[in-house]
Each structure stands twice: as structure tokens, then as C-alpha cells.
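Overview (structure and organization)
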Amino acid sequence: MKILLRTNRFYLTLLNKTYSTALKSVTTVQVNGKEYRADDYTNITPKITSYINRNLHLKKDNPLSLVRQRIVNYFYASFTHGGNPVFSVYDNLSPIVSTRQNFDDLLIPEDHPSRAKSDCYYINASVLLRAHMTAHQSELLRSGLDNFLMIGDVYRRDEIDSTHFPVFHQVDAVRLQRKEHLFVNHPDLNIFEPNYDPTNPHTFTNSISDPSKQSCHTLEATKLMEGQLKNHLIGMVKVLFGENIKYRWVDAYFPFTHPSWELEIYYENNWMEVLGCGIMRNEILANAGPTNSIAYAFGLGLERLAMALYKIPDIRLMWSTDDGFLSQFQDRDVNASIEYKPVSIYPHCTNDLSFWLPPTLTIDTFMSNDFYDLVRDIGGDVIEQVKLKDKFIHPKSKKHSLCYSIVYRHLERTLTQAEVNKVHEDIAAATVKAFNVAIR
Ligand code: PHE
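Here, residues in each chain are numbered from 1, in the same order as that chain's written sequence. With the structure being a predicted model, the display of local features is reserved for residues of pLDDT at least 70 and the display and counting of side-chain atom pairs for 80 or more, all residues being used for whole-chain, interface and lining totals. By convention in this description, side-chain values take in all heavy atoms of the structure and omit both hydrogens and water.

Keep this limit in mind: UniProt positions are given in the numbering used here, feature names are shortened, and annotations may be inferred rather than shown by experiment.
Within an unreviewed UniProt entry, the label attached to the chain reads phenylalanine--tRNA ligase, and the organism entered is Bicyclus anynana. Heading Subcellular location (unreviewed entry) of the UniProt record for the chain holds this comment: "Mitochondrion matrix". Check the Catalytic activity (unreviewed entry) section of the UniProt entry for the chain; it says "tRNA(Phe) + L-phenylalanine + ATP = L-phenylalanyl-tRNA(Phe) + AMP + diphosphate + H(+)".

Listed below in C-alpha cells is the structure:
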């Protein structure tokens, strides 16, 4: 992982500029009406902050909300007890979480790449915008829940294109089973191996070196949970995409589940990954409370499902407040089959930006995610894509140079070249200031 101190200087420049109060703005940062201490981890930007509270997953006419309702309905209908749904739904949890919630509670190692500053939006070294809904697993288990869905917005620094946006939405779930329920007809079978003592979990070293199960669990319990997990998820995908959907399971790795899998569906001539899942690591359960159960968990991305279901070609459309977009999803039965029809296609405009790096940077250490955030901050939603076009080292001067293509497109009208040039110039000026580069 490339973690460079320079990242911070860049953001301090931005914070300074935005809040324009000299020193104070570099020591604190305002997020969602609350003031936080800033430090050398701070990399959250005003642009990103502006997405908090949009809650697209709860907006009645948003396609993400339609998919959310269909998934919740499936879980309500599939699991009932005395006529009442077994799963409870949490779709309004604050996206501001601690590094303990997002990483430590989930056994994500200190040096795991997902913790990198280049991948997350940190408010400071111990607080960040959640990078996955799994961040709430432990607190909800601690509060005594056993079957629950966690739905909300998650934040990850990433490239920009038609399928990637730094904010997206996930549905995560946990289902806990006790011995009496898992083995109703086989009271002789157990969840745990005889050498594991559930009343004393911390004296046992739970190993994951056997690919088929955790060392504390019996193979019977693991296989039964795996069967249920896979059935429930295939059932869900069939409800969404129809009985004939082609799918496959792929072995996967997550620090918080073992064994783990990914589900892929065959969509438009490609295998598309739709979710990650697995048997929850027993240490997470034992730390949060329940010691006599085994659990499965999964997490899926709503954008991908909505784009595939409704043939929505660009992820930025989810954020549109334009009537031409929203009206297509308005007042519709959640199960209706809807195919999005572009109102009209507006042309795009591509401008290149080439620059020489300062002697302190090379084409390999330049942090492109920092640059993407800057482009998004200055350009806003007219940025369709930013791609690296060329890397170059001058044979004589040995100076390093990069060239990025920036694709501009407005979703609702035609941009003029003059308008694009103005934004492009602003991006060039900000790039010079933030990274100390020289425009070629
Ligand atoms: N949190 C994982 C992700 O964001 C998904 C996941 C959730 C995987 C729960 C396993 C169990 O990719």
C-alpha cells in the first residue's frame, strides 16, 4: 500500500480554501453539524460531506429504494415466527463510525489495505465514514439482536466511471441460529467441537486454516448454515431477476467470515459479482455477546442490482433530482418491471490534463485517488470519468509526467465547450496548488 504524507497537505489546502478561516480550519473539521478534531488522517472533503443525509435508499421514488423494499419484503416473507417477521431492519444508522466499528470489531488486521487513507474517507485517525454496513454488526449483536438487516450509504475513495461513485448503498444481514433451531430434528448434533467451551471462549484459539470450517465449529453445523445461507440468497436473486437467472458461487476471503463466498450472476454476457457472504467468525459473536450460536452474514451493493434490474446506464443517475429520471420510478409497484429510458443523450466533452510532477513525486507514488477527489470537488457532477492516458519519463531531464483525460457530461443538458474549459482551467489551477505540479 502506498501511504504518503502528502495526502494530508492536499486536504489541508482544500479545507483552508473552503472554510477560509486561517488556522482553525486545519485543526477541526465540521461533519453533519458536529465539529471533529482534524489530524494527519483527515481526508474527508466538503463535496463528500454533502452526500451525507441524502438517504437515497429511503427516497420513495429512487430506484435504490425500490430494490431495498424488494429485498426487505423477501426477508420479511421468508422468515416469520407466529406470523411476525423475524428480521428487524436498521436503515437509519449514522454513517459516521469509529475505526473500531469499521475494522477492529470485525477482526480486520492493523495493516489491512482496506484501512488505507487512500481508500477511506477519514474524519480523523479514529473516526471515518463507514466503508461498509458490516461496521454495525457488533453493536447490534451487543444490543441483543439475532436476525437483522443493516441498510445505508457507504463511502469509499475510488476511480470515477459509469459504475463507480465514492458513495454507494449496501444491504448487510446477520442471521444467528442456536443449536435447538439449527438441529431441530437432530438433538444429538452440536454447533461446537467438543474441545471448544462456549462458556469460556477466550481460552480457545479459533483457527481458520481449514478451508471448510472454523476450528471451533463442527462440520455439520457449518455445512447446514452454508446450505441455508446459499438457499436464502439464491431465493432472493430469483425474486429479483426471475427463476431462470444463471448464477455461480465463488470462494472468497473476508476477515470477518470463514468460510466465505461471493455470488455472481450472469448478466449481459458477463459474470457480475452481487454479494459477499460467509459464516461469521466466532470471535466476533463471542466478543459481542452470543456464545451459544452460529451465524451467517452477507453484504450486497444496491447500485449494481438497481442498474442491472432497471437498465440504468450510469451510476450518477441515482443522484439525479431531475423529474425526467425520477418520474420513471414514481408511484410504481415495487415489483413492477421497469426499464429506464434515457430522456435524451447529451454529448460529452473530453479535455486532457498533462503535468510534470515535482521532484518529490514519481509516476508510481502520485496518488491518483487524491487527484480524482480534487477533480470531483472542483467539477462536481459533470465529471463522468477520469482516466490515466499516459505516463512519461523525460529521457534527458528524467522529469516524470502524467496525462489524464477528463470526460465531462451533464446528465440533463448539453454542456458548452466554453463552460467545460472554465471548469477544466479551475481543475488545472487546483492541481498545481495541491500537488505542486507544472502544467505542460
Ligand atoms: N462488507 C463486505 C463488503 O463490503 C461484504 C460482506 C458482508 C461480506 C458480510 C461478508 C459478510 O464487501
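Structure shown, so let's carry the discussion forward.
With respect to the packing of aromatic side chains
Each aromatic ring pair is summarised here by two numbers: the centre-to-centre distance and the angle between the ring planes. For clarity, the threshold we go by: Between 30 and 60 degrees the pair is tilted, below 30 it is stacked and above 60 it is edge-to-face, where a pair is any two Phe, Tyr or Trp rings, Trp via its six-membered ring, whose centres lie within 6.5 Å. Only DSSP runs of H or I covering at least 4 residues are called helices, and only runs of E covering at least 2 are called strands; the numbering of each starts at the N terminus. Buried, partly exposed and exposed residues are distinguished by accessible area as a fraction of the type maximum, computed with a 1.4 Å probe on protein chains only: under 20%, between the cut-offs, and over 50%, respectively. Two conditions define a charge located above a ring, namely a distance within 6 Å from the ring centre to NZ of Lys or CZ of Arg, and an angle within 35 degrees of the ring normal.
Inspection of the entire model under this criterion finds 26 aromatic pairs. Centre to centre, the rings of Phe 366 and Phe 435 are 5.2 Å apart; their planes meet at 65 degrees, and the pair counts as edge-to-face. With a gap of 69 residues between them, Phe 366 in the loop between β15 (349-356) and α12 (368-379) and Phe 435 in helix α13 (residues 417-435) connect regions that are remote in the sequence. On the basis of relative accessible area, Phe 366 is assigned to the buried category, the value being 4%. The class of Phe 435 is buried, set by a relative accessible area of 1%. A cation over a ring is seen here: Lys 246 above Tyr 266, with NZ or CZ 4.1 Å from the ring centre. Here the basic side chain of Arg 440 rests over the ring of Trp 356, its NZ or CZ set 4.4 Å away from the ring centre.

A short note on helix α8 (residues 219-241)
Heads up, the rule is: The span expected for a helix works out to 1.5 Å for each residue beyond the first.
Its 23 residues give α8 an end-to-end C-alpha distance of 32 Å, which sits within 8% of 33 Å, the value for a rise of 1.5 Å per residue. Residues of α8 that are buried include every one of Ala 221, Thr 222, Met 225, Glu 226, Leu 229, Lys 230, His 232, Leu 233, Ile 234, Met 236, Val 237 and Leu 240, and no others. Following α8 by one or two positions, Gly 242 has its phi on the positive side, about 100 degrees.

Things to note about the site of the ligand
Rules: The nearness test applies per residue and asks whether one of its heavy atoms lies within 4 Å of the molecule or strand. N or O atoms within 3.5 Å of each other form a polar contact, as long as, within protein, one can give a hydrogen and the other can take it, and as long as residues adjacent in sequence are counted only when both atoms are side-chain atoms. Residue-level accessible areas treat just the shown protein chains as cover; the underlying method is Shrake-Rupley with a 1.4 Å probe. For this scheme, ten residues count as nonpolar: Ala, Val, Leu, Ile, Met, Phe, Trp, Tyr, Cys and Pro. Four count as charged, namely Asp, Glu, Lys and Arg, and the remainder, Gly too, count as polar.
Surrounding the ligand, one finds 13 residues, the nearest of these being His 132, Thr 134, Arg 156, Gln 170 and Gly 299. Between the ligand and the protein, one listed contact pairs a nitrogen atom with a side-chain N or O atom of His 132 at 3.0 Å. Contacts to the ligand include Arg 156, whose side-chain N or O atom sits 2.9 Å from an oxygen atom. Within the complex, the protein chains bury 89% of what would otherwise be the 330 Å² of accessible surface of the ligand. Contributions of two or more residues to the shell around the ligand are made by β10 (167-178), β13 (270-280) and β14 (293-301). Of all the elements, β14 adds the most residues to the shell around the ligand, at 3 residues. A class-by-class count of the residues in the shell around the ligand yields 5 nonpolar, 6 polar and 2 charged.

Some thoughts on the sheet that holds strand β5 (residues 88-90)
Test applied: Should DSSP find at least two bridges between two strands, the strands are regarded as paired. All axes are obtained by fitting lines to C-alpha atoms, using only the stretch in contact for helices, and the reported angles, taken between N-to-C directions, cover 0 to 180 degrees. In what follows, residue pairs with any heavy atoms lying within 4.5 Å of each other are defined as contacts.
Reading across from one edge, β5-β9-β10-β14-β13-β12-β11 is the order of the 7 strands in this open sheet, with mixed pairing throughout. Edge positions in the open sheet fall to β5 and β11 (247-254), since each of these has one partner strand only. Direction aside, the axes of adjacent strands within the sheet are offset by 25 degrees on average. When β11 meets strand β12 (residues 257-267), the two strands line up antiparallel, connected through 7 bridges. Counterpart to Tyr 247 in the pairing with β12 is Ile 265. Each of β5, β9 (147-155), β10 and β14 touches helix α4 (residues 63-78); the most contacted strand, β9, lies at about 165 degrees to it. Contacts between helix α10 (residues 302-310) and the sheet are confined to β9, β10, β12, β13 and β14, with β14 contributing the most and set at about 55 degrees to the helix.

Examining the sheet that holds strand β18 (residues 438-439)
Taken in spatial order, the 4 strands line up as β16-β17-β15-β18 in an open sheet, and their pairing is antiparallel. The sheet is open, and its two borders are formed by β16 (383-393) and β18, each paired with just one other strand. Sheet analysis places β15 next to strand β17 (residues 400-408), joined by 8 bridges and oriented antiparallel. For Thr 350, the partnering residue across the bridge sits in β17 and is Val 407. In the packing of α13 onto the sheet, the strands contacted are β15, β16, β17 and β18, and the crossing angle to β15 comes to about 20 degrees.

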